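Observations on the model geometry
Each chain, letter by letter, is given below.
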Amino acid sequence: MQPARLMLYFAQWILLISFNRCGWKSFMTDLLNSSSNSSKIECWVARDANQLAQLACKVLLQTLASTDEAAKLDRNPTPSPLPAVALSGGTTPKKLYEFITLVESSNPIWQQVEWFWSDERNVPLDDCDSNYGMARQYFLQPLQIPNERIHPVPIQIQHPAKAAADYEAEIRKLIPETRKGQPVFRTIFLGLGDDAHTASLFPHTEALKEKTLSVVSNHVPKLATDRITLTAPLINAADNVIFLVSETKKREALQQIWHGKNDPELYPAQLIKGARRLVWIVDSGAIGETPPPVNAVTTVF
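The rules behind these values
- Residues numbered from 1 in each chain as written.
- Predicted model: local features only at pLDDT ≥ 70, side-chain atom pairs only at ≥ 80, totals over all residues.
- Heavy atoms only, no water.
- Helix = DSSP H or I, 4+ residues; strand = E, 2+ residues; numbered from the N terminus.
- Buried < 20%, exposed > 50% of the residue type's maximum accessible area, 1.4 Å probe, protein only.
- Contact = heavy atoms within 4.5 Å.
- Areas by Shrake-Rupley, 256 points an atom, 1.4 Å probe, with all protein chains shown as cover.
- Salt bridge = Lys/Arg side-chain N within 4 Å of Asp/Glu carboxyl O.
- Core = buried A, V, L, I, M, F, W, Y, C linked by side-chain atoms within 4.5 Å.
- Pairing = 2+ DSSP bridges.
- Axes fitted to C-alpha atoms, helices over the stretch in contact; angles between N-to-C directions.

It is worth spelling out the overall build of the protein chain at this point. Each helix and strand in the protein chain was counted, giving nine helices and 12 strands. In the protein chain, buried positions account for 49% of the 301 residues. Across the protein chain, contacts joining residues at least 24 apart in sequence account for 76% of those joining residues at least 6 apart. Working note: accessible area of the protein chain is about 15,200 Å², and carbon and sulfur atoms make up 55% of it.

Here it is as C-alpha cells:
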C-alpha cells in the first residue's frame, strides 16, 4: 500500500475515534432519523405560551389560505370539499382558541372548514374532560361555527371500538382525497405529553402498531381507560401537521424525540414524520437549551 493512502486511512481512523468520543453515536442517530423523514420540517420558537398561540393561529391561517389562492388562479374552478382540520386536546390549545376569538373572530374562513379532533377521551361530549367540550366552549360557540361543520367523535362509552369505526367512516365520507390510502387533512394539530405521547398514541400501546386504519380505540393501561385516536398513517398523510408544545415538563420528551434513539414504542411522537409539512411550535420553557431537529428550518420569534 502506498504511504499516502496509508496515511489517509490512518487519519480517517483517528477521526472516527474522535467522533465516537464526542458523540458520534448521537450524531448518526440524528442523521439516520432525519433521512427517513420526508416532511418539510420547521421549528418555531415562541417566547411564551401566549406567543405560541399567536403563532399557531398564524400557521393555521397560512394552511387555510392556500385553498383561496389556488381558487383565484383557476379560471374554471370546480367545487371541492372544504379543508378539514383536526384539533388537539390538552391545555395548550385553549390559548389558541382564546386568541382566535379575541383577534380573528371576524375572519370568515372559520365557517368554511370541516372541524374534527385528533383524539378524544372516552367520556360524554358534555364532560369537562372532553376535548370537543373545551373547543366548543372557547372556540366553536363564540364564533358560531355551523353545526354541520363540526364533527366530534361519536362517543359510545361501552363500545369505544364502534365509536372509532364510525368516526373513520365519517372522515372517509367527508374527505374523499386520499394519500397512501388515507384521507388527507389540510391540517392536524397535535400536542405532546411529557411521556412523548401525541394524540392518544401512548407508549407501548396497540395503536402504535396500526398500519391501515385511520381511527382506532386505544386502551391505555396506565390511565385505565380507552381513548379514540387518529392513527400515525392518517396523521402522516396530512398536508400540514402542527405540534404545539409548552411548559418545561415537556423538555425531556422533546430531547428524546428529536435527538434520542429511534424507538416509537417508547417515544410515540417519533412516528409522526410523513406529512408534507411538519411544524413544531414550542415555547422557550419547553425547548430550553435543546437543539432543534437537525433537518429543521428554525425561526426564533
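Here the narrative resumes.
It is possible for side chains of opposite charge to pair when their charged atoms get near one another. All told, the structure shown has 12 salt bridges when counted by the stated rule. With a closest N to O distance of 2.8 Å, lysine 162 and aspartate 166 form a salt bridge. Separated by four residues within a single helix, lysine 162 and aspartate 166 lie in helix α6 (residues 160-174), roughly one turn from each other. Judged by relative accessible area, lysine 162 falls into the partly exposed class, the value being 42%. The structure contains a network of salt bridges with shared partners spanning Arg179, Arg186, Asp239 and Arg276.

Bringing the nonpolar core into the picture now. If you look at the biggest cluster of nonpolar residues, it comprises 82 residues, and the most contacted ones within it are Trp110, Phe185, Val241, Trp280 and Ile281. Ignoring sequence-local partners within four residues, the contact set of phenylalanine 185 consists of Ala84, Val85, Ala86, Phe116, Ile171, Ile175, Leu234, Ala238, Asp239 and Asn240.

Pairing within the open sheet is antiparallel, and its three strands lie in the order β4-β9-β8. Each edge of the open sheet carries a strand with a single partner, namely β4 (119-121) and β8 (215-220). The average undirected angle you get between the axes of adjacent strands in this sheet is 25 degrees. Note: β4 against strand β9 (residues 225-230), three bridges, orientation antiparallel. Its bridge partner lying in β9, arginine 121 is registered against arginine 227. The strands that α6 touches are β8 and β9; relative to β8, the one it contacts most, it runs at about 150 degrees.

That's the geometry; what it means functionally is another story.
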